[in-house]
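# Observations on chain architecture
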Amino acid sequence: MPATVETVFASVVARNPGEPEFHQAVREVLESIGPALARHPEYTEARIVERICEPERQVIFRVPWEDDRGRIHTNRGFRVEFNSALGPFKGGLRFHPSVYLGIVKFLGFEQTFKNALTGLSIGGGKGGADFDPKGRSDREVMRFCQSFMTELYRHIGAETDVPAGDVGVGGREIGYLFGQYKRITNRYESGVLTGKGLAYGGAQVRREATGYGAVFFADEMLSRAGGGLDGKRVVVSGSGNVAIYAIEKVHQLGGRVVACSDSSGYVHDDKGIDLELLRELKEQRRARLDDYARHVRHARVVSGRTVWEVPCEVALPCATQNEIGGAEAAALVAGGCVAVVEGANMPTTPEAVRILAGAGVRFAPGKAANAGGVAVSALEMRQNASRESWTFDESEQRLRGIMRDIHDRCWNTAEEYGLPGDYVAGANIDGFRRVAEAMLAHGLI
Ligand code: GLU
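Predicted model, so just to flag it, every value in this text is computed and none were measured.

## A short note on the overall build of the protein
- Counting its regular elements, the protein contains 18 helices and twelve strands.
- Over its C-alpha trace the protein gives a radius of gyration of 21 Å, about what one expects of a compact globule, namely 22 Å for 445 residues.
- If one aligns the C-alpha atoms of the protein with their principal axes, the spans along those axes are about 65 × 55 × 45 Å.
- Here the protein holds 445 residues, and the buried ones make up 58% of them.
- Within the protein, contacts between residues at least 6 apart in sequence are counted, and of these 72% link residues at least 24 apart.
- Here the protein displays about 17,600 Å² of accessible surface, and carbon together with sulfur accounts for 48% of that area.
- Positive and negative charge centroids in the protein, built from 54 and 57 side chains respectively, lie 4 Å apart.

## Notes on the environment of P2
- Residue placement: P2 occurs in the segment before α1 (3–15).
- Accessibility expressed as a relative area gives 32% for P2, which makes it partly exposed.
- When the C-alpha positions of P2 and L30 are compared, they lie 8.7 Å apart, and in sequence the two are 28 residues distant.

## Section: helix α8 (residues 171–185)
- With 15 residues, α8 should cover 21 Å at 1.5 Å per step; its first-to-last C-alpha distance of 21 Å lies within 8% of that length.
- For α8, every residue scored as buried is listed here: R172, E173, I174, L177, F178, Q180 and Y181.
- Taken from the residues just after α8, N186 is the one with a positive phi, measuring 60°.

## What about the site of the ligand?
- In the vicinity of the ligand, 14 residues are found, and the nearest of them are K90, K114, G165, D166 and S377.
- A distance of 2.7 Å separates an oxygen atom of the ligand from a polar atom in the side chain of K90.
- In the environment of the ligand, an oxygen atom lies 3.1 Å from a nitrogen or oxygen atom belonging to the side chain of N345.
- When isolated, the ligand has an accessible area of 300 Å², and the protein chains bury 95% of it.
- For the shell around the ligand, the secondary structure elements donating two or more residues are β3 (89–95), α6 (101–117) and α16 (372–386).

## What about the environment of Q383?
- Along the chain, Q383 falls in helix α16.
- Owing to a relative accessible area of 4%, Q383 belongs among the buried residues under this scheme.
- A C-alpha to C-alpha distance of 8.7 Å links Q383 and G191, two positions 192 residues apart in sequence.
- Excluding residues that lie within four positions of it along the chain, Q383 makes contacts with A203, E388, S389 and W390.
- A distance of 2.9 Å separates a polar atom in the side chain of Q383 from the backbone nitrogen of W390.

## Thoughts on the pattern of salt bridges
- Tallying each qualifying case throughout the model produces 36 salt bridges.
- Ionic pairing is found between E248 and R279, a salt bridge with its closest N-O pair at 3.7 Å. Highlighted residues: E248 in helix α10 (residues 241–252) and R279 in helix α11 (residues 275–284), separated in sequence by 31 residues.
- For R279, a relative accessible area of 18% corresponds to the buried category.
- Residue D262 is joined to K282 by a salt bridge in which the shortest nitrogen-to-oxygen separation is 2.9 Å.

Definitions and limits used
Residues numbered from 1 in each chain as written. Predicted model: local features only at pLDDT ≥ 70, side-chain atom pairs only at ≥ 80, totals over all residues. Heavy atoms only, no water. Helix = DSSP H or I, 4+ residues; strand = E, 2+ residues; numbered from the N terminus. Rg over C-alpha atoms; globule rule 2.2 N^0.38 Å. Buried < 20%, exposed > 50% of the residue type's maximum accessible area, 1.4 Å probe, protein only. Contact = heavy atoms within 4.5 Å. Areas by Shrake-Rupley, 256 points an atom, 1.4 Å probe, with all protein chains shown as cover. Lys, Arg positive; Asp, Glu negative; His and termini not counted. Charge placed at Lys NZ, Arg CZ, Asp CG, Glu CD. Expected span 1.5 Å × (residues − 1). Near = heavy atom within 4 Å. Polar contact = N/O pair within 3.5 Å; in protein donor to acceptor, adjacent residues only side chain to side chain. Salt bridge = Lys/Arg side-chain N within 4 Å of Asp/Glu carboxyl O.

Here it is, written out as structure tokens:
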């Protein structure tokens, strides 16, 4: 890290104590952008790095709600509006007990560069709550979402800040959030949230976009290396929205997903994960993976171990941050893995990235590989604004084109800076340059 940036990093750590995930995300970007700063002294002169690490606005609020037995709960809600240089703040909401300010900041920071990489007009933001939707009834989730939106509504808007889903926030939650926003504001403002249902302003392919996009990215990356996904053995972690549609697209492109996981363990099905069954268990019944083996006799359910011990050529981490550490990376290398493509946000630790690089494993960071979700969110905003709706095929073609562009942008930027094949550097430098140029143009704000 160059000396000037080192000072900025030290001040980020000092000013944001106890937020290791945020520090990790900032460090990773700052370590990459040295060559761009050397070429553009005007960035340093305008203190772009310092300003880019400080969110434009952070909101923390109380979310009180009543469960089905009449007990009162008090959760904490967040919205971090990180950077609006390229467009309205844009990024999902995460409902998970692990959510605190540091997680939201790390996600908002990543989102800023991810959104820039899509080439679409969206700034970066993120939000959520330390609420655990697991085991809660629909009515409890509805009451929580209504209480959450009763505060959030005053900070968001189609031209201001546009939330969407993330871990723990899917179609059901977005529906309740949208309903409450509409009720409080007396406005049918379709573009205020994305990830909406198709019945009320949602876009085709938004639900599938993050998983499909990551697989399109993997296919581009492998094609550059001399062969696409066809015939490849793949392991996916997670079994939520990103994982499910990643599995679907891998199968459509001729690969075979032999394992996936949830917080209780993993399922290994050498014949290929039965997607219909997985969707029924996870999307409809919100059940655990253990049930999979009850339906599929030859499958093996393993608890308390990492899914990365299952040998594969391609790994798609689609669960959560820091799920691949040093030991998991070593297991992947030992199992013959040639490519890791992040469907989740920051699932690979810096130590794991080093181990993978040392073994020549190709690595695609989430801010490039999982940008398909937010890219289709931007397409949803566009359709809402023009009151149009595109077909599934047309939307999927657009997603494929966007992922190819992101891939090529990372690839070409890495080449331009003499770092061929370094997707991390390519993604960070290109995303940073786009935001920096817009910030320079806007003056000191
Ligand atoms: N939560 C998703 C992400 O991490 C999507 C955000 C959005 O669609 O705004 O990129």
